[in-house]
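What the coordinates show
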Amino acid sequence: MQRILVTGAAGFVGGHLRPALRAAFPTAELIAAARGGAVAGWDRTVTLDLLDPAGCAHALRQVRPDAIIHLAALAMVAASFRDPMLTWRTNLLGTVALGEAVRMEVPEALFVHASSAEVYGLSFQGGVALDEAAPLQPANPYAASKAAADLAVGEMALRGLRAIRMRPFNHTGHGQSDGFVVPAFARQVAAIAAGRAEPVLRVGALERWRDYLDVADVCAGYVTVLRRGGELHPGAVFNLASGTPRHIGTILSDLMRLAGVTARIEEEATRLRPTDVVRTMGDAAAARRDLGWAPSVPWETTLASVLQDWQAR
Ligand code: A2R
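Below: a short report on this structure.

About the thresholds
Residues numbered from 1 in each chain as written. Predicted model: local features only at pLDDT ≥ 70, side-chain atom pairs only at ≥ 80, totals over all residues. Heavy atoms only, no water. Helix = DSSP H or I, 4+ residues; strand = E, 2+ residues; numbered from the N terminus. Buried < 20%, exposed > 50% of the residue type's maximum accessible area, 1.4 Å probe, protein only. Contact = heavy atoms within 4.5 Å. Core = buried A, V, L, I, M, F, W, Y, C linked by side-chain atoms within 4.5 Å. Pairing = 2+ DSSP bridges. Axes fitted to C-alpha atoms, helices over the stretch in contact; angles between N-to-C directions. Salt bridge = Lys/Arg side-chain N within 4 Å of Asp/Glu carboxyl O.

**Brief notes about the environment of Ser-253**
In this structure, Ser-253 sits in helix H8 (residues 248–259). Sequence spacing of Ser-253 and Val-237 is 16 residues, and the spatial spacing of their C-alpha atoms is 35 Å.

Now the structure itself:
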């Protein structure tokens with residue numbers, strides 16, 4: 001592996017993936033693809049906007065990567081309700097543009113697609129841990145756009161794209177935006193602990209359960225795919241999941257306990273989603289078997305790290 005290109009390198013997962021790639025492939029050149037300027041810490045940055053298909057092809061000709069990890073997306077469910085069109089253009093059409101450019105420009109390259117457990121949506125209502133064969137029943141614009149992209153990547157694999165589709169369940173860690181629930185709680189708890197805010201926590205639905213991973217474990221999954229890429233069949237799909245649903249209300253109380261905070265909890269109707277699934281749970285047996293992957297970071301460590309991140313700001 002000489003050159004590894006990562007789209008969305010400036011994002012939350014990209015920031016954690018860089019050191020994981022550096023450790024796994026010490027001699028490889030790590031190249032960030034980003035819309036803006038140079039991304040710190042990477043060997044090189046190329047400009048890439050998913051909404052510009054010709055630009056995607058140009059970036060690939062410049063870099064000629066051996067592998068591409070495609071993280072770039074509009075990744076926030078809440079934001080996708082506000083702008084479904086841009087979500088579809090970025091997540092579906094952008095992925096097709098990039099995949100086609102890879103097929104044309106660097107057909108030997110491995111294409112690792114960051115899909116999402118959100119693609120299963122209403123299938124979670126069955127209450128069992130879902131494996132990769134579960135029906136795709138997305139329940140919000142983000143999920144639908146990612147499900148469509150996942151199918152498109154599967155189809156491009158039939159036409160020669162060396163693609164692997166990863167479906168990570170919820171993941172969190174330091175550096176994640178407070179548009180996601182764990183950092184949103186941690187930000188408020190940290191502000192109350194520091195005396196910067198009244199002891200009132202504004203929350204959305206607490207009676208939800210989500211199968212959570214540390215972002216480092218998700219990155220370890222992507223790294224493993226690069227290592228085993230040659231052995232995997234194109235179009236293969238892998239869930240990355242812990243198998244343990246976490247209660248959102250308990251995540252909040254655990255963060256309060258960690259910070260030594262007591263506060264009044266107020267549910268805000270504006271934070272509730274038009275559609276929502278109550279509980280998610282994943283079966284990652286395929287990743288365990290074919291990738292030798294298993295999550296290793298204890299959940300308490302992850303929570304403490306998100307809290308520390310917001311306490312340090
Ligand atoms: O907003 P920016 O300029 O930092 O770029 C974001 C990038 N991105 C794009 N890159 C190129 N062309 C676009 N049209 C475009 N739109 C967005 O994707 C950002 O650097 C990155 C996404 O980072 P985050 O929002 O922090 O997402 P996260 O949590 O790192 O998720 C990574 C992947 C996504 O595919 C999720 O759907 C999946 O993991 O679960």
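We are not done yet, so read on.
**Quick notes on unusual backbone geometry**
The phi angle at Arg-64 is positive, at roughly 50 degrees, despite the residue not being glycine. Mapped onto the elements of the fold, Arg-64 is located in the loop between helix H2 (53–63) and strand E4 (67–70). Given the relative accessible area of 40%, Arg-64 is considered partly exposed.

**Considering H2**
Within H2 the residues assigned to the buried category are Gly-55, Cys-56, Ala-57, Ala-59, Leu-60 and Val-63. Close packing links the buried residues of H2 with strand E1 (3–7), strand E2 (29–34), strand E3 (44–47), E4 and helix H4 (84–105). Looking one or two residues beyond H2, the residue adopting positive phi is Arg-64, at roughly 50 degrees.

**A few points about the nonpolar core**
Note that soluble globular proteins tend to have their nonpolar side chains buried in a common cluster. Leu-21 and Tyr-222 are the most contacted members of the largest nonpolar core, which has 50 residues in total. Per element, the largest residue contribution to this core is seven residues, and it comes from helix H7 (residues 215–228). In this view, Tyr-222 contacts Val-13, Leu-17, Ile-69, Leu-71, Val-112, Ala-114, Met-166, Pro-168 and Leu-240; residues no more than four positions away in its chain are not counted. Judged by nonpolar contacts, the second largest core, of 24 residues, contains Leu-5, Cys-56, Ala-57 and Val-63.

**Quick notes on the sheet that holds strand E11 (residues 245–247)**
Read across the sheet, three strands follow the order E7-E9-E11 without closing on themselves; strand pairing throughout is mixed. Of all strands in the sheet, those with a lone pairing partner are strand E7 (170–172) and E11, marking the two edges. Taking the axes of each pair of neighbouring strands and ignoring which way they run, one obtains an average angle of 60 degrees across the sheet. Sheet topology note: the strand E9 (residues 209–214)/E11 ladder contains three bridges and is antiparallel. Residue pairing in the sheet places Trp-209 in a bridge with His-247 of E11. Contacts between H8 and the sheet are confined to E9 and E11, with E11 contributing the most and set at about 60 degrees to the helix.

**As for the pattern of salt bridges**
One pass over the structure, following the stated rule, counts 15 salt bridges. For Asp-150, the salt bridge is made with Arg-167, and the minimal N-O distance between the two is 2.8 Å. In this pair, Asp-150 sits in helix H5 (residues 141–158) while Arg-167 sits in strand E6 (residues 162–168), placing the two residues 17 residues apart along the sequence. Judged by relative accessible area, Arg-167 falls into the buried class, the value being 4%. The residue Asp-290 makes a salt bridge to Arg-289 at a minimum N-O spacing of 3.0 Å. You can call Asp-290 partly exposed: its relative accessible area is 29%. The class for Arg-289 is exposed, based on a relative accessible area of 60%. Residues joined in a network through salt bridges with shared partners are Glu-100, Arg-103, Glu-155 and Arg-159.

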